[in-house]
Amino acid sequence: MLREELPRIVTDTLPGPRAAEVIARRARAVPSAVRCSYPVVIRRGEGAMVEDVDGNRFVDWVGGVGVLNIGYSHPEVVAAVKAQADDYFHAMANIVTHEGYVSLAEALAERAPVVGERRRTFFANSGAEADENAVKIAKAFTGRPNIIVFSGAFHGRTLLTMAMTAKKAYAKGMGPFPDGVYRSEFPYLYRAPGALEGDAAISYYLDRLEETFENASLPEQVAAIVVEPVQGEGGFIPAPPAWVKAVREICDRYGIVLIADEVQCGYARTGRLFASEYWAENGVRPDILTAAKSIAAGIPLSAVVAREEIMESVPAGVIGGTYCGNPLACAAGLKVLEIIERDDLAGRAIRIGETVMARYREWAQRFDVIGDVRGLGAMVGIEFVRDRATKEPFSELVTGLVDEAARHGLLIESAGTYGNVVRFLAPLVITDGQVDAGLDILEKALVSRLAKLRG
Ligand code: PLP
């Protein structure tokens, strides 16, 4: 069974001959703006493993960038989707009601740790759509025009979410953008100015937020503050609990809606079904939560959950869409939740994260290019720098690691404002042997790349 196997490269070159042919066709048929530099053409995927069209086997630590927390082709999800397809696979929510939609809406409303007892769920198709709708809902509820987002944030590629996303390379030539999107500084503690730490660092970042109210938008004009509980594209940076608590207080003071974007960090990844459950354990809850990626194991689906009072403030017809809450996606979504809870994948995330962190911390003793190791549960980032004192990003090393790891059967991806972080987002059904095999490949790649770069 592929799901139990270890990585194995059998071709002399990568991509192998059949993969090379498909990649060449892709280069002619698909815009190169849809970037892909991996030498992999998938034939099948099981658990955390991918087999390519030439018989090479890779252990996948990217998991579709957080889409595959329950792994490729989980047999029970496959069966649920097939059964649904036999009955019907489209039922537009504005025309007919299908029970899967209602059941999944109920299940998410029950589980999302948002403020309020009576909650409702709105479905969309992608993370960007969920975030954009969350902002629309917050605007409807507050009657206010502006939002605040953060440095390092990634919220998607629609026009509004491009404006919300920090990295402007993702929005090159796409302006003008929607107005009313203002940015404050995210507490990226590793890079806090003046090496500030602890309470002093938190105060610094809270001052920046207050400054945004002075310089960009009065708080009374702010509909929502949007936070990723663990920044994904920004470099796997957990929002510090003390900062989140203070942001919640600021939201309460000014009547601002707090939105938790759990598109990448949600769905058992961090050791809880939702990362903001950690907030709730600390006495803080978001008003709106968005989820996507892993919620339907790869069938496009996203969700926005909020208390009834917020959801019911939206005028009829202002939110919706043809495919929102698609029956195949909802059937997959219900099965995904069942599996995550039955198999305690959140607990598994904690254990996997401990193994990966322990190994990374051991490397940090040996390799002075490791500036920081951080994360929550099985969302682990390792940040590479040329010099620990200056913290100059070592992006070239990470680009090399991604390439070299793939050549030995490990798929990893970079993250971070400077592209100098390697992210760990492996499916949570990964075996211990596959975690260890991946760590061995990455360690060897690190040794060999450093030797090449440093001569
Ligand atoms: N929000 C976060 C935190 C994400 O990581 C992403 C995608 O990586 C998005 C939103 C956008 O999701 P999608 O690509 O499904 O539109």
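Residues numbered from 1 in each chain as written. Predicted model: local features only at pLDDT ≥ 70, side-chain atom pairs only at ≥ 80, totals over all residues. Heavy atoms only, no water.

**Let's talk about the overall build of the protein chain**
Secondary structure summary: the protein chain contains 14 helices and 17 strands in total. Against the compact-globule benchmark of 23 Å for 455 residues, the protein chain has a radius of gyration of 22 Å, which places it among compact chains. Overall size of the protein chain, expressed as C-alpha extent along the three principal axes, is 60 × 60 × 45 Å. The burial tally for the protein chain puts 56% of its 455 residues in the buried class. (Helix = DSSP H or I, 4+ residues; strand = E, 2+ residues; numbered from the N terminus. Rg over C-alpha atoms; globule rule 2.2 N^0.38 Å. Buried < 20%, exposed > 50% of the residue type's maximum accessible area, 1.4 Å probe, protein only.)

**Observations concerning the environment of C265**
Checked against the element boundaries, C265 lands in the loop between β10 (257-261) and α9 (276-281). With 34 residues separating them along the chain, C265 and Q231 place their C-alpha atoms 7.8 Å apart. Residues contacting C265, with those up to four places away along its chain left out, are P229, V230, T270, A275 and M379. (Contact = heavy atoms within 4.5 Å.)

**A short note on unusual backbone geometry**
Between L14 and the following residue, P15, the backbone shows a cis peptide bond with an omega angle of -5°. One can find P15 in the segment before α1 (17-29). With an omega of 0°, the peptide bond between G175 and P176 qualifies as cis. Structurally, P176 can be placed in the loop between α6 (159-164) and β6 (181-184). One non-glycine residue with positive phi stands out, namely A195, at about 55°. Residue position: A195 is located in the loop between β6 and α7 (198-215). The class of A195 is exposed, set by a relative accessible area of 59%.

**Notes on the domain arrangement of the protein chain**
Here the protein chain is described as being made up of domain 1 (2-60 + 344-454) and domain 2 (76-342). The straight-line distance from the C-alpha centre of domain 1 to that of domain 2 is 27 Å. Counting from both sides, the interface comprises 32 residues of domain 1 and, opposite them, 28 residues of domain 2. Buried area between domain 1 and domain 2, both sides added, is near 2,400 Å², and the carbon and sulfur share of it is 57%. On the domain 1 side of the contact with domain 2, L376, M379 and K391 bury the most area, a combined 28% of that side's loss. Put simply, domain 1 and domain 2 have two salt bridges between them. As a salt-bridge pair, R423 and E233 come within 2.9 Å of each other at their nearest N and O atoms. (Domains from an automatic or database assignment. Buried area = accessible area lost by both parts, 1.4 Å probe. Salt bridge = Lys/Arg side-chain N within 4 Å of Asp/Glu carboxyl O.)

**A short note on the sheet that holds strand β17 (residues 421-424)**
Strand order in the open sheet made by the four strands is β13-β14-β17-β16, with antiparallel pairing throughout. The sheet terminates laterally at β13 (370-376) and β16 (413-415), the two strands that pair on one side only. Neighbour-to-neighbour, the strand axes of the sheet open up by a mean angle of 30°, direction not taken into account. As paired strands, strand β14 (residues 379-384) and β17 are joined by four bridges and run antiparallel to one another. Looking at β17, one finds that V380 is bridged to F424. Where helix α12 (residues 345-366) meets the sheet, it contacts β13, β14 and β17, and its direction lies at approximately 170° from that of β13. (Pairing = 2+ DSSP bridges. Axes fitted to C-alpha atoms, helices over the stretch in contact; angles between N-to-C directions.)

**Focus on the site of the ligand**
Not every one of the 13 residues close to the ligand is listed here, only the nearest: G127, A128, D261, Q264 and K293. Note that an oxygen atom of the ligand is positioned 2.8 Å from one of the backbone N or O atoms of G127. Within the contact set of the ligand, a nitrogen atom lies 3.3 Å away from a backbone nitrogen or oxygen of F154. Here the ligand has 390 Å² of accessible area as a free molecule, and 84% of this is covered by the chains. Counting residues per element, the shell around the ligand draws most heavily on helix α5 (residues 127-142), which supplies three residues. Here the residues of the shell around the ligand are counted per class, giving three nonpolar, five polar and five charged. (Near = heavy atom within 4 Å. Polar contact = N/O pair within 3.5 Å; in protein donor to acceptor, adjacent residues only side chain to side chain. Areas by Shrake-Rupley, 256 points an atom, 1.4 Å probe, with all protein chains shown as cover. Nonpolar A, V, L, I, M, F, W, Y, C, P; charged D, E, K, R; others polar.)

**Considerations on the sheet that holds strand β15 (residues 410-411)**
Within the open sheet, the four strands sit side by side as β1-β2-β3-β15. Their pairing is mixed. The sheet is open, and its two edges are formed by β1 (42-46) and β15, each paired on a single side. Relative to β15, strand β3 (residues 57-60) is paired through two bridges, and the arrangement is parallel. Among the inter-strand pairings, D60 is bridged to a residue of β15, identified as L411.

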